[in-house]
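Inside the fold
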Amino acid sequence: MEKRLKTNAIMSALIVLLILIGVGVYFYYFHNNLCRDFECFQSEMRKCSQATYISEEPEASWLYTIKGLEGGECVVNVELIQAKKGDLGIDNLAGYSMDCSYPKGIATYPEKQIENCHGRLKEELQGIIIKKLHTHILQNLGKIDESLKSAL
């Protein structure tokens, strides 16, 4: 009977120990720090520590999630949560995302350096930029032609 009690106590202690180890591993590898301001996000991005941050800009809300180091670079996922106001033409891009890669130690707004990114959101943003540039060129074709003639 005593032997059975000792065995049960040892098994219970092992189960509790395994649970504690599992919780520790979860928090060490999978826990994302929720940043409430950009300074916190910058600090976590410089260290490339897993963290999330919602940037509330006048024109849009962005969700940043630091995924961690991949191939020696810090990977940050950027998702457009909501387009707010302005003539950006991004209203239908909510929910699209892209991954942006930076050398460890760099901290920035990832969508401001789109050349470091890849994914559906980047493709759609580039499409909007190209359309706006095309429209601008067509609207100012006469001015551009005059500028070219005067340069010659």
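Look above for the structure.
Here is a short report on the structure shown in this document.

Rules used in this analysis
- Residues numbered from 1 in each chain as written.
- Predicted model: local features only at pLDDT ≥ 70, side-chain atom pairs only at ≥ 80, totals over all residues.
- Heavy atoms only, no water.
- Buried < 20%, exposed > 50% of the residue type's maximum accessible area, 1.4 Å probe, protein only.
- Helix = DSSP H or I, 4+ residues; strand = E, 2+ residues; numbered from the N terminus.
- Contact = heavy atoms within 4.5 Å.
- Pairing = 2+ DSSP bridges.
- Axes fitted to C-alpha atoms, helices over the stretch in contact; angles between N-to-C directions.
- Disulfide = S-S within 2.5 Å.
- Salt bridge = Lys/Arg side-chain N within 4 Å of Asp/Glu carboxyl O.
- Polar contact = N/O pair within 3.5 Å; in protein donor to acceptor, adjacent residues only side chain to side chain.

Some words on helix H2 (residues 38-47)
Within the span of H2, buried status applies to Phe-38, Phe-41, Gln-42, Glu-44 and Met-45. Against strand E1 (33-35), strand E2 (51-56), strand E3 (60-70), strand E4 (73-83) and strand E5 (97-103) lie the buried residues of H2.

Concerning the sheet that holds E1
Judged by pairing direction, the sheet is mixed, and its six strands sit side by side in the order E1-E2-E3-E4-E5-E6 without closing on themselves. The sheet is open, and its two edges are formed by E1 and strand E6 (117-118), each paired on a single side. With seven bridges connecting them, E4 and E5 associate as antiparallel partners. Its bridge partner being in E5, Cys-74 is matched across the sheet by Tyr-102. This element, H2, spans E1, E2, E3, E4 and E5 of the sheet and lies at about 140° to E1.

What about the state of the cysteines?
Applying the stated criterion to the full structure yields three disulfides. Linked covalently through their sulfurs, Cys-48 and Cys-74 form a disulfide whose S-S length is 2.3 Å. Disulfide Cys-48-Cys-74: the torsion about the S-S bond is 95°, which places it as right-handed. Here Cys-74 lies in strand E4 and Cys-48 lies in the loop between H2 and E2, a separation of 26 residues in the sequence. For Cys-48, a relative accessible area of 9% puts it in the buried group. Should the bonded cysteines of the protein chain be numbered as they appear in the sequence, the pairing reads 1-2, 3-4, 5-6.

As for the pattern of salt bridges
Summed over all chains, the structure comprises four salt bridges. Close ionic contact of Arg-120 with Glu-124 constitutes a salt bridge, the shortest N to O distance being 2.9 Å. Note that Arg-120 and Glu-124 are positioned in helix H3 (residues 120-139) at a spacing of four residues, about one turn of the helix. The class of Arg-120 is partly exposed, set by a relative accessible area of 44%.

Notes on the side chain of Asp-99
Looking at where Asp-99 falls in the secondary structure, it is placed in strand E5. Asp-99 gets classed as buried once you look at its relative accessible area, which sits at 15%. A polar atom in the side chain of Asp-99 sits 3.0 Å from the side chain of Lys-67. Ignoring sequence-local partners within four residues, the contact set of Asp-99 consists of Lys-67, Val-75, Val-76, Asn-77, Asn-116, Cys-117 and His-118.

Remember, this is a structural readout, not a statement about activity or role.
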